Amino acid sequence: MSISRAIAEQMERSSWIRRMFEIGIQLRKERGPENVFDYTLGNPDVEPPKAVIEALRRVVAENRPHSHGYMPNAGFPEVRAAVARRLAGRTGVPFTADDIIMTTGAAGAINTVLKSILDPGDEVIVLNPYFPEYRFYIENHGGRVVPVETGDRFQPDVARIAAAITPRTKAIILNSPNNPTGAIYCADVLRELNAIIREPMLAICDEPYRPIIFDGVRLPETQSLIERSVLAWSWSKAMAIAGERIGYLAIPPRLTEAEALRNACTFANRILGYINAPAIWQWVVAQALDATVDVSHYEAKRNRLCDALTEMGYDAPRPRGSYYVFPKTPLPDDVAFIRLLQAEGILAVPGAGFGRGGYMRLSITIPEEEMERSLPGFERAMRKCGNAGARTLTGSPGTCRTLS
Ligand code: PLP
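Residues numbered from 1 in each chain as written. Predicted model: local features only at pLDDT ≥ 70, side-chain atom pairs only at ≥ 80, totals over all residues. Heavy atoms only, no water.

Draft legend 1. Expanded view of the pattern of salt bridges. All chains considered together, the criterion is met by 27 salt bridges. Between arginine 228 and glutamate 257 there is a salt bridge; the shortest N-O distance is 2.6 Å. Placement of the pair is arginine 228 in the loop between helix 9 (222-225) and strand 7 (229-234) and glutamate 257 in the loop between strand 8 (247-250) and helix 10 (258-271), with a sequence separation of 29 residues. Look at arginine 228 and you get buried, because its relative accessible area is 7%. Each of Arg90, Glu207, Arg210 and Glu221 takes part in salt bridges that share partners, so that together they form one network. (Salt bridge = Lys/Arg side-chain N within 4 Å of Asp/Glu carboxyl O. Helix = DSSP H or I, 4+ residues; strand = E, 2+ residues; numbered from the N terminus. Buried < 20%, exposed > 50% of the residue type's maximum accessible area, 1.4 Å probe, protein only.)

Given below as structure tokens:
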């Protein structure tokens with residue numbers, strides 16, 4: 001057997017995703033593909049904004065010399081300058097081209113910074129429930145995952161986080177708007193976090209869902225509120241171009257170790273085998289920096305799903321952002337309830353897959369028409385739970401007094 005033990009074990013631990021995929025194939029065979037309703041994937045169901053496709057056409061038509069070759073590992077200087085100007089304007093932090101490293105999406109940015117800061121056995125705090133890939137990203141670089149439970153409405157619990165910090169803690173990953181809960185972290189909580197994040201610890205702010213926000217909320221600026229933070233950004237969701245693998249890592253110049261970290265991350269980006277972010281897409285995003293998908297489409301689907309589920313008796317508060325609704329399962333055993341949904345042709349990910357049983361994650365990237373046809377199945381599954389289905393109702397995830 002030539003597969004490493006570590007990879008074999010990690011594959012086993014990621015088995016929820018694989019299991020759902022296999023169950024999906026089986027269900028499609030049994031029921032016909034039109035009778036399977038897949039809520040498991042967070043893959044944009046809209047086309048990229050027109051401005052992005054026009055920018056892509058322009059970049060290809062221009063065909064400037066050396067468009068397709070190697071470049072500095074951190075990316076094209078002009079692109080980084082354009083990104084830095086926009087980010088500085090938004091956050092008030094004086095970013096320049098030097099502070100931006102173009103990456104293969106947010107995943108590339110997170111791996112790059114983790115590779116640069118972790119020694120074997122160093123600890124990284126993640127807030128439970130969390131995006132399961134974080135565990136693999138941290139373990140990729142010899143780190144140890146330290147999950148810390150979130151508090152009320154999935155907000156970071158600052159006291160618990162403070163108690164989890166040890167001399168080996170190198171980072172905490174903050175993800176707002178959040179996958180899987182849809183929570184948006186409040187400015188007050190971020191300020192409290194700022195007070196406990198001290199050298200050598202860094203906050204890695206993973207924000208691919210930043211533009212996917214609802215109800216007119218304004219998202220607090222982590223880069224202005226948390227002094228020791230870096231930003232992992234991606235256009236995967238903003239522009240619905242997840243397959244193109246383009247994003248960046250921003251390292252604020254105020255960090256005492258800014259220069260060393262920039263150099264380390266540029267090197268890490270190269271030796272991880274990314275080399276540099278895709279060339280053509282660097283030019284495209286630089287020409288359409290503000291283009292975002294029409295969020296009202298997601299908001300309408302969020303409203304429809306949460307309202308319908310609530311009407312049926314589910315505890316399904318409306319998330320304020322991201323692609324996900326995270327209702328309590330009517331049975332405390334989320335995996336047992338997911339099986340009841342499967343009997344209705346509905347595929348959902350149990351909360352256990354994110355470290356929090358008793359919930360399920362439903363992606364609102366499912367086509368509207370499929371969502372509509374799936375609703376009677378949710379109702380039948382709820383009825384099968386009988387009285388056990390009535391569980392305490394909570395408020396909207398991430399609701400707080402002051403967002404900005
Ligand atoms: N972080 C979170 C919370 C995500 O949900 C995802 C993708 O789903 C990523 C990072 C990775 O995004 P990207 O496609 O930009 O690498």
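Continuing now.
Draft legend 2. Spotlight on the site of the ligand. Close to the ligand lie 14 residues, the nearest being Asp206, Tyr209, Ser234, Ser236 and Arg245. In the environment of the ligand, an oxygen atom lies 2.7 Å from a nitrogen or oxygen atom belonging to the side chain of arginine 245. Protein contacts shield 91% of the accessible area of the ligand, which totals 400 Å² for the unbound molecule. Of the residues contributing to the shell around the ligand, the split by class is 6 nonpolar, 5 polar and 3 charged. (Near = heavy atom within 4 Å. Polar contact = N/O pair within 3.5 Å; in protein donor to acceptor, adjacent residues only side chain to side chain. Areas by Shrake-Rupley, 256 points an atom, 1.4 Å probe, with all protein chains shown as cover. Nonpolar A, V, L, I, M, F, W, Y, C, P; charged D, E, K, R; others polar.)

Draft legend 3. Just the domain arrangement of the chain, in detail. Segmenting the chain into domains produces domain 1 (5-47 + 294-387) and domain 2 (50-287). Centre-to-centre separation of domain 1 and domain 2, based on C-alpha positions: 27 Å. Where domain 1 abuts domain 2, roughly 2,400 Å² becomes buried across the two surfaces, and 58% of that area is made up of carbon and sulfur atoms. If you sort the residues of domain 1 by the area they bury against domain 2, Arg320, Phe354 and Arg356 come out on top, with a joint share of 26%. Put simply, domain 1 and domain 2 have 4 salt bridges between them. There are 17 residue pairs in polar contact (both at pLDDT 80 or more) connecting domain 1 and domain 2. Elements supplying a minimum of two residues to the side of domain 1 that touches domain 2: helix 1 (5-13) and helix 12 (295-312). (Domains from an automatic or database assignment. Buried area = accessible area lost by both parts, 1.4 Å probe.)

Draft legend 4. Layout of the sheet that holds strand 4 (residues 144-149). The strand order across the open sheet built from 7 strands is 2-8-7-6-5-3-4, with neighbouring strands paired in mixed fashion. The open sheet has two free edges, formed respectively by strand 2 (100-103) and strand 4, since each of these has just one partner strand. Strand after strand, the sheet turns through a mean of 25° between neighbouring axes, direction not considered. When strand 5 (residues 169-175) meets strand 6 (residues 202-206), the two strands line up parallel, connected through 5 bridges. Across the sheet, residue isoleucine 172 finds its bridge partner in strand 6, namely alanine 203. Along the sheet, helix 4 (residues 77-91) makes contact with strand 2, strand 7 and strand 8, crossing strand 2 at roughly 115°. Most of the contacts of helix 10 go to strand 2, to which it runs at about 15°, and overall it touches strand 2, strand 6, strand 7 and strand 8. (Pairing = 2+ DSSP bridges. Axes fitted to C-alpha atoms, helices over the stretch in contact; angles between N-to-C directions. Contact = heavy atoms within 4.5 Å.)

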